[in-house]
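Here is what each chain is made of, one letter per residue.
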Amino acid sequence: MSLSTQDIEHLNNHFRGIPPEEIISWAILYGSKSVVTTNFRPYEVAILNAVTEVKSDIPVIWCDTGYNTPNTYKHAEELISGLNLNIKLFVPRQTTAHRDSVMGIPDIDDPRHKEFTEQVKLEPFRRAMAEHKPDVWFTNLRKGQTALRDTLNILSLSKGGVLKVSPFYHWNDTRLDAYLNERGLPNEHNYFDPTKVLENRECGLHT
């Protein structure tokens with residue numbers, strides 16, 4: 001049964017202020033196949049911990065661009081091991097070394113930047129979603145990150161009709177820091193996304 005726009009609006013009003021674990025439990029029961037996506041950027045550990053506490057074997061889709069910092073890769077390995085994540089890794093069809101030799105990382109004003117983003121992020125993501133075919137997609141989108149994300153909410157629909165669930169949508173960094181500290185969870189801020197360049201710029205997955 002699909003949710004109407006009115007249903008989603010009602011649920012978003014209901015879910016505001018409710019613990020993330022309760023929202024996650026509802027969404028897993030609602031859907032038949034759930035996934036959580038991650039890029040191991042700062043605060044991703046919050047959604048990974050919260051979701052796996054409810055469903056330990058949920059597929060964790062990681063679309064690795066190949067351009068992460070050494071700190072991010074070390075952080076990823078720490079979380080994969082510490083949270084026993086059921087990682088499903090998707091990478092670009094072309095190696096980073098090959099792309100660097102023929103294209104590099106184009107500036108956002110370069111016409112090739114669109115193709116770069118397609119290669120390192122959008123195509124692997126579409127491939128992941130086509131393979132797993134989820135009806136519920138957990139993300140760590142939060143209000144205040146970008147102008148687009150300010151128009152979303154705890155629940156929203158993707159372009160393909162998948163129910164996107166962002167349990168920490170209304171949480172700020174201070175509240176998330178407290179959440180991580182209470183649970184002894186690590187965080188990592190040395191992160192680089194070659195497709196966004198600017199922190200408040202969308203990469204295309206949520207547009």
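Relevant structure appears above.
Residues numbered from 1 in each chain as written. Predicted model: local features only at pLDDT ≥ 70, side-chain atom pairs only at ≥ 80, totals over all residues. Heavy atoms only, no water.

Turning our eyes to something else, we now look at the overall build of the protein chain. Along the protein chain, the regular secondary structure elements total seven helices and six strands. Taken from the N to the C terminus, the helices and strands of the protein chain come in the order α-α-β-α-β-α-β-α-α-β-β-β-α. Computed over its C-alpha atoms, the radius of gyration of the protein chain comes to 17 Å, within 12% of the 17 Å expected for a compact globule of 207 residues. For the protein chain, the spread of C-alpha atoms along the principal axes amounts to about 50 × 40 × 30 Å. (Helix = DSSP H or I, 4+ residues; strand = E, 2+ residues; numbered from the N terminus. Rg over C-alpha atoms; globule rule 2.2 N^0.38 Å.)

Take the packing of aromatic side chains next. Across all of its chains, the model carries nine aromatic pairs by this definition. Ring centres of Trp62 and Tyr73 lie 6.2 Å apart, and the angle between their planes is 50°; on these two criteria the pair is classed as tilted. Of this pair, Trp62 sits in strand β2 (residues 59-63) while Tyr73 is found in helix α4 (residues 70-82), placing the two residues 11 residues apart along the sequence. Centre to centre, the rings of Trp171 and Tyr179 are 5.8 Å apart; their planes meet at 80°, and the pair counts as edge-to-face. Of the two residues examined, Trp171 and Tyr179, each falls in the buried class. Ring pairs connect the aromatic residues Phe15, Trp26 and Tyr30, which therefore count as one cluster. Here the guanidinium or amino end of Arg142 rests over the ring plane of Tyr43, the centre of that ring lying 5.2 Å away. Geometry around Tyr179 places Arg183 over its ring, the cationic atom sitting 3.7 Å from the centre. (Phe/Tyr/Trp six-rings, centres within 6.5 Å; stacked < 30°, edge-to-face > 60°. Buried < 20%, exposed > 50% of the residue type's maximum accessible area, 1.4 Å probe, protein only. Lys NZ or Arg CZ within 6 Å of the ring centre and 35° of its normal.)

Another point: the pattern of salt bridges. Two side chains of opposite charge can pair, provided their charged atoms sit close to one another. What the rule picks out here adds up to eight salt bridges. Of the charged contacts in the structure, one is a salt bridge between Glu118 and Arg126, with a shortest N-O distance of 2.3 Å. Judged by its relative accessible area of 45%, Arg126 is partly exposed. For Asp193, the salt bridge is made with Lys121, and the minimal N-O distance between the two is 2.5 Å. With Asp193 in the segment after α7 (173-183) and Lys121 in helix α6 (residues 112-132), this residue pair connects regions lying 72 residues apart in the sequence. No difference in accessibility class separates Asp193 from Lys121, as the two residues are buried. Sharing partners across several salt bridges, the network here consists of Arg93, Glu123 and Arg127. (Salt bridge = Lys/Arg side-chain N within 4 Å of Asp/Glu carboxyl O.)

A separate point is the environment of Arg16. Counting through the fold element by element, Arg16 comes out in the loop between α1 (5-15) and α2 (20-30). Classification of Arg16 by relative accessible area gives exposed; the value is 56%. Spatially, the C-alpha atoms of Arg16 and Lys133 are 28 Å apart, while their sequence positions differ by 117 residues.

In this section: the side chain of Glu123. Tracing the sequence through the fold places Glu123 in helix α6. A relative accessible area of 17% places Glu123 in the buried class. Filtering out sequence-adjacent residues up to four positions away, Glu123 remains in contact with Arg93 and Glu118. (Contact = heavy atoms within 4.5 Å.)

Turning our attention to the nonpolar core. Core analysis: the biggest nonpolar cluster contains 41 residues, and Leu48 and Phe138 have the highest contact counts within it. When contributions to this core are tallied by element, the ones reaching two or more residues are α1, α2, α3 (44-54), β2, α4, β4 (136-138), β6 (163-165) and α7. With six residues, the single largest contributor to this core is α3. Excluding residues within four positions of it along the chain, Phe138 makes contact with Ile24, Ala27, Ile28, Ser34, Val35, Val36, Thr37, Ile47, Val51, Ile58, Val165 and Pro167. (Core = buried A, V, L, I, M, F, W, Y, C linked by side-chain atoms within 4.5 Å.)

So, about the sheet that holds strand β5 (residues 155-157). Across the sheet, which stays open at both edges, the six strands sit in the order β3-β2-β1-β4-β6-β5 with mixed pairing between neighbours. Single-partner strands in this sheet number two, and they are β3 (86-90) and β5. Averaged over all pairs of adjacent strands, the angle between their axes in this sheet comes to 30°, without regard to strand direction. Relative to β4, strand β1 (residues 34-38) runs parallel, the two being bridged by three bridges. Bridge pairing in β4 links Ser34 to Val136. Of the strands in this sheet, β1, β2 and β4 are in contact with α3, which crosses β1 at around 160°. (Pairing = 2+ DSSP bridges. Axes fitted to C-alpha atoms, helices over the stretch in contact; angles between N-to-C directions.)

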